[in-house]
Amino acid sequence: MTPEPATYPGYCFPAEVIRHAVWLHHLFSLSLRDIELILAKRGIAVTHESIRRWVLKFGADFAGKLRKRRPRPGDTWHLDEVFLRINGELHYLWRAVDEHGVELDILVQPRRNASAAKRFLRRLLVGLKYKPKRLVTDGLRSYGVAHRELMPEVRHRVSRHLNNRAENSHRPMRRRERQMQRFKSPDQAQRFLSAHAMIFGHFRPRRHLMTAAQYRRARAKAFRIWREEPRVQTAA
């Protein structure tokens, strides 16, 4: 007897379909209508609006589970900020990665002054529950103020060239921003990019540092973790 497909409580579509739609949206520069067409090709009739609700509901949920399962990040934090234009107003996306390029956290804020830098550093310290050995930033003076007040014992390196790790991590976000025709609000940008950074990074290990066999093992492990969902239950 063939078992019934696993489902999420309150959802009629199988969990595998929902996970696949969320995976497509975060891993590739596809619109919701593109994903609707891809699923239709496989005989799955679902609207782009349903896919949008899946992404909002399960994207953050999946990202939170992946964040809990990741190993402790490295001891060097790279911090950088990049502008976002939302509804004609300038905002800034603050991002932190470790020396291996692993995403630590992001925060969308309307300013890039000392208060904004301190708010972001506090968020990192609370979320990661440890302090790094080295902090690498560009020449923005706001970082220096936040560093002196919150972690003066940590070594602070200021160099535009040393901070390429953080600057390069903005590229996937820029691709998504173009595909989505800009973000509609700061809250939408924060919700989507927080989930996007974690899910995208989970499936994109640093391939150029691995052998082909190592990369295949890392990829298989990433898919195995993605399928392990404690909220899945057997359909009645």
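Read on for a plain summary of the structure. Because the structure is a prediction, the values reported are computed rather than measured.

Comments concerning the packing of aromatic side chains
- Within this structure, the stated rule accounts for 14 aromatic pairs.
- Arranged with centres 5.1 Å apart and planes meeting at 65°, the rings of Tyr11 and Phe58 form a pair that is edge-to-face. You can see Tyr11 sitting in the loop between strand S1 (6–7) and helix H1 (15–27) and its partner Phe58 sitting in helix H3 (residues 48–69), a full 47 residues away along the chain.
- For Tyr11, a relative accessible area of 29% puts it in the partly exposed group.

Comments concerning the side chain of His147
- Relative to the assigned elements, His147 resides in helix H5 (residues 141–150).
- A residue is classified by how much of its surface remains accessible, and His147, at 10% relative accessible area, is buried.
- The contacts of His147, once residues within four sequence positions are left out, are Leu121, Leu135, Pro152, Val154, Arg155 and His156.

Looking at the side chain of Ser194
- Among the secondary structure elements, Ser194 is positioned in helix H8 (residues 186–202).
- Judged by its relative accessible area of 18%, Ser194 falls in the buried class.
- Among all residues touching Ser194, those that are not within four sequence positions of it are Ala63, Arg67, Ile106 and Ala189.

The rules behind these values
Residues numbered from 1 in each chain as written. Predicted model: local features only at pLDDT ≥ 70, side-chain atom pairs only at ≥ 80, totals over all residues. Heavy atoms only, no water. Phe/Tyr/Trp six-rings, centres within 6.5 Å; stacked < 30°, edge-to-face > 60°. Helix = DSSP H or I, 4+ residues; strand = E, 2+ residues; numbered from the N terminus. Buried < 20%, exposed > 50% of the residue type's maximum accessible area, 1.4 Å probe, protein only. Contact = heavy atoms within 4.5 Å.

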